[in-house]
Amino acid sequence: MQKNLFIYTFGCQMNVHDSEKIAALMEKSGYASVDDVGKADLIIINTCSVRERAAQKVYSQLGRLKKFKKMKPKLIIGVGGCLAQQLGSKFIERVPHLDLVFGTHNIHSLPDLIAKIEETGQPVVRTEFHEEVKSLGILAPTKNGKVTAYVTIMQGCNNFCSYCVVPHLRGKEESRSLTEIVKEVEVLAGRGIKEVTLLGQNVNSYGRAIGNRHDFADLLHEIGSIAGIERIRFTTSHPKDLSDKLVCCFSEVDKLCEHIHLPVQTGSDRVLKMMNRYYTNAEYCERVDKLRSICPGISITSDIIVGFPGEADGDFQATIDMMGKIRFDNSFSFKYSERDGTAAAELGDKVSECVKTDRLKIVQALQEKHTLEKNEAMIGNTEEILVEEISKNSKEDIAGRTRTNKIVNFRGSHTLIGKTVSVLIIDAYQHSLKGRLLDVN
Ligand code: SAM
Ligand code: SF4
């Protein structure tokens, strides 16, 4: 008998892609993905614990699921991802209606773990690390009409930024082989995928863990020659590893889109040092200058943390000054969140919650201003858009992104989904642009 699966995903694109892999695995074991949680026989929550707030959202969601368990006692509820890795069996002590806790290296065992719970009715916890992460190569099915896809090129992180829990919960850096990645992208191209986003915590160090035979720039050149793939994106890049060879890919690999997410975290050299980021404000700005000279018009986005322990007014001002100098196209900004087990959790001189709140408001207001100004400056441009879907604003409109990763909505037929079209930008908002269709390329 067919059983139904519902997945909640919290956190980053990597978690979104892990959820696609989980669905692929469970579909092979007879589960069908459903949109209605009420119809599920198995609910998986793919968690994030990068910040305390993300963890709190998971607990709230789990609380809401209790009623489903009461209505349907055979329902299986499982948690995966970073918070599951962090808490292990303590998760079940805290949330007794949980049946399964599986860690970041255990996705591949999911069908066996579920079968065991179905057989015994007993909760299962599996959080050990493995030398090789076996889920890296799981190929998720492509939904009808989808033209973009994620491809995991590496997993884990060796950087140990002092605030970050990821290396503790995702394990050491591991890169997939170039051949394996190329094969996966070829399969995706055969299914009609036009754009791939290459995923890793620090894609710039791709290849290091497999003896440096090929680096990330080599991988971009290889993928750039795969027929059918029109656009390549990647995330995330660590500024300390952004080599000249990689920067040059923006002029050498035609399919590489003109956008880079390059998290700066802070503009203060003193705080960068305490964060273990291994670059200075001047070095970051030099990398940005290099990117802009090789690829004029490249869009640069970033992550910013406010209120790191010891961040004084002068340090915060350095962040604001840097934002003014670089003018990011967009940024994600966060209040520093103390995470157990990280080096920064041991630091004194904590910044108060109200100072963090004030600083976050200032950063976000400045970013909104810069984003809107940058979007407004695009009015009158003709942009190449890969049409991805019916617009979320209106059924009569379609939507896609510029090569610089800005969303554009415009009047057009759904039959254009998957096509690359020329669009005149006629209006600009905070989060998107409005366009007029000119030509189908
Ligand atoms: N690997 C990526 C990198 O280095 O850029 C980012 C991974 S992390 C999941 C995404 C962002 O979360 C980071 O760039 C950082 O700004 C933020 N972050 C991580 N730990 C944090 C913490 N303890 N408090 C606040 N923000 C945090
Ligand atoms: Fe965390 Fe730093 Fe690794 Fe990114 S590079 S995942 S911020 S430790």
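Residues numbered from 1 in each chain as written. Chains lettered and ligands numbered in written order. Predicted model: local features only at pLDDT ≥ 70, side-chain atom pairs only at ≥ 80, totals over all residues. Heavy atoms only, no water.

Engineer: Help me understand the site of ligand 2, please; the structure alone is not making it clear to me.
Structural biologist: Taken together, C157, N159, F160, C161, Y163, C164, V166, P167, Q201, H238 and R277 make up all the residues around ligand 2. The residue makeup of the shell around ligand 2, split by class, is seven nonpolar, three polar and one charged. (Near = heavy atom within 4 Å. Nonpolar A, V, L, I, M, F, W, Y, C, P; charged D, E, K, R; others polar.)

Engineer: What is the right way to read the pairing of strand β1 (residues 3–9) from this model?
Structural biologist: Across a regular strand the side chains alternate sides, sitting on one face of the sheet and then on the other. Of the pairings in the sheet, the one linking β1 to strand β2 (residues 31–33) comprises three bridges and is parallel in character. Paired with N4 across the strands is A32, a residue of β2. Taking the sense of rotation as the criterion, the β-α-β connection linking β1, helix α1 (residues 13–28) and β2 turns out right-handed. Pairing analysis gives five bridges linking β1 to strand β3 (residues 42–47), with the strands arranged parallel. Bridge pairing links L5 to L42 in β3. (Pairing = 2+ DSSP bridges. Helix = DSSP H or I, 4+ residues; strand = E, 2+ residues; numbered from the N terminus. Right-handed = clockwise from strand over helix to strand, strands pointing away.)

Engineer: It is not clear to me how helix α12 (residues 313–326) should be interpreted in this structure. Could you clarify?
Structural biologist: Since one α-helical turn is 3.6 residues long, residues separated by three or four positions face the same way. In this model, α12 (14 residues) spans 20 Å end to end at C-alpha, consistent with the 20 Å of a helix rising 1.5 Å per residue. Among the residues making up α12, those that are buried are D315, F316, A318, T319, I320, M322, M323 and I326. Where α12 is buried, its residues meet α10 (269–274), α11 (281–294), β13 (299–306) and α13 (353–376). Phi for R327, located one or two positions after α12, is positive at around 55°. (Expected span 1.5 Å × (residues − 1). Buried < 20%, exposed > 50% of the residue type's maximum accessible area, 1.4 Å probe, protein only. Contact = heavy atoms within 4.5 Å.)

Engineer: Would you take a moment to explain the layout of surface pockets for this structure?
Structural biologist: If a probe the size of a water molecule is rolled over the atoms, the empty space left behind becomes visible. The space that makes up the second largest pocket amounts to roughly 270 Å³. Lining the second largest pocket are 13 residues, with P73, K74, L75, I76 and E118 positioned closest to its centre. Residue classes in the lining of the second largest pocket are distributed as five nonpolar, one polar and seven charged. (1 Å grid on protein atoms, 1.4 Å probe; cavity = no way out; pocket = protein on both sides within 12 Å on 5 of 7 lines; lining within 4 Å. Points joined across faces, edges and corners; volume = space filled by probe spheres on them.)

Engineer: Even after reading the chapter, I still don't get the pattern of salt bridges, so can you show me in this structure?
Structural biologist: Side-chain pairing between opposite charges can occur once the charged atoms of the two side chains come close. What the rule picks out here adds up to 35 salt bridges. R403 is the partner of E258 in a salt bridge, and the nearest nitrogen-oxygen pair spans 2.9 Å. Remark: R403 occurs in the loop between β16 (397–401) and β17 (407–411) and E258 occurs in the loop between α9 (244–252) and β12 (259–261); sequence separation between them is 145 residues. Residue R403 is classed as buried on the basis of its relative accessible area, which comes to 14%. R403 serves as the salt-bridge partner of E384, at 3.9 Å between the closest nitrogen and oxygen. Here the residue E384 occupies a position in strand β15 (residues 382–390), and R403 occupies one in the loop between β16 and β17, the gap between them amounting to 19 residues. Linked through salt bridges whose partners overlap, the residues forming this network are E195, R231, R233, E258, E384, E388, R401 and R403. (Salt bridge = Lys/Arg side-chain N within 4 Å of Asp/Glu carboxyl O.)

Engineer: In this structure, what is going on with the packing of aromatic side chains? I would like to understand it.
Structural biologist: We describe a pair of aromatic rings using the distance from one ring centre to the other and the angle between the two ring planes. Under the defined criterion, the tally for this structure stands at seven aromatic pairs. Judged by centre distance (4.8 Å) and plane angle (65°), the rings of F6 and Y8 are edge-to-face. Take F6 and Y8: they sit in the same class, and that class is buried. When the centroid spacing of 5.4 Å and the interplanar angle of 70° are considered together, the rings of F308 and Y336 count as edge-to-face. (Phe/Tyr/Trp six-rings, centres within 6.5 Å; stacked < 30°, edge-to-face > 60°.)

Engineer: Honestly, the packing of α12 against α13 in this entry has me stumped. Any pointers?
Structural biologist: A pair of packed helices is characterised by two quantities: the angle between their axes and the separation of those axes. One can describe the packing of α12 onto α13 by two numbers: an axis separation of 10 Å at closest approach and a directional angle of 10°. Here α12 is positioned roughly parallel relative to α13, judged by the angle of their axes. Residues D313, F316, I320, M323 and G324 of α12 touch α13, and the partners they reach there are R359, I362, V363, L366, Q367 and H370. Considering only residue class, the contact of α12 with α13 consists of six nonpolar, three polar and two charged. (Axes fitted to C-alpha atoms, helices over the stretch in contact; angles between N-to-C directions. Parallel < 35°, antiparallel > 145°, perpendicular 65-115°, else oblique.)

Engineer: Could you clarify how one ought to interpret the sheet that holds strand β10 (residues 195–199) in this entry?
Structural biologist: The pairing of strands in a sheet comes from backbone hydrogen bonds and takes either a parallel or an antiparallel form. Read across the open sheet, the three strands follow the order β7-β10-β11; overall the sheet is parallel. What marks the edges here is a single partner per strand, and that holds for β7 (148–152) and β11 (231–235). Neighbouring strand axes in the sheet, compared pairwise and without regard to direction, differ in orientation by 25° on average. By the bridge criterion, five bridges tie β7 to β10 in an arrangement that is parallel. Among the inter-strand pairings, T152 is bridged to a residue of β10, identified as L199.

Engineer: Whenever I open this one, the nonpolar core confuses me. Can you help?
Structural biologist: One recurring pattern in soluble globular proteins: nonpolar side chains tend to sit buried together. In this structure, I153, V196, L198, F216 and Y284 are the most contacted members of the largest nonpolar core, which totals 54 residues. Residue contributions to this core peak at six residues, all from helix α7 (residues 178–190). Counting 26 residues, the second largest nonpolar core, distinct from the first, contains F10, L65, V79 and L83. (Core = buried A, V, L, I, M, F, W, Y, C linked by side-chain atoms within 4.5 Å.)

Engineer: Sorry, what's going on with the site of ligand 1 here?
Structural biologist: Inspection of the region around ligand 1 gives 15 residues, with Q201, P263, Q265, D303 and S337 positioned closest. R51 has a polar side-chain atom sitting 3.0 Å from an oxygen atom of ligand 1. D303 places a polar side-chain atom, nitrogen or oxygen, 2.6 Å from an oxygen atom of ligand 1. For ligand 1, the protein covers 90% of the area, taking 570 Å² as the surface of the free molecule. Those elements giving two or more residues to the shell around ligand 1 turn out to be β13 and β14 (330–335). Each residue belonging to the shell around ligand 1 can be placed in one class, and the counts come to six nonpolar, four polar and five charged. (Polar contact = N/O pair within 3.5 Å; in protein donor to acceptor, adjacent residues only side chain to side chain. Areas by Shrake-Rupley, 256 points an atom, 1.4 Å probe, with all protein chains shown as cover.)

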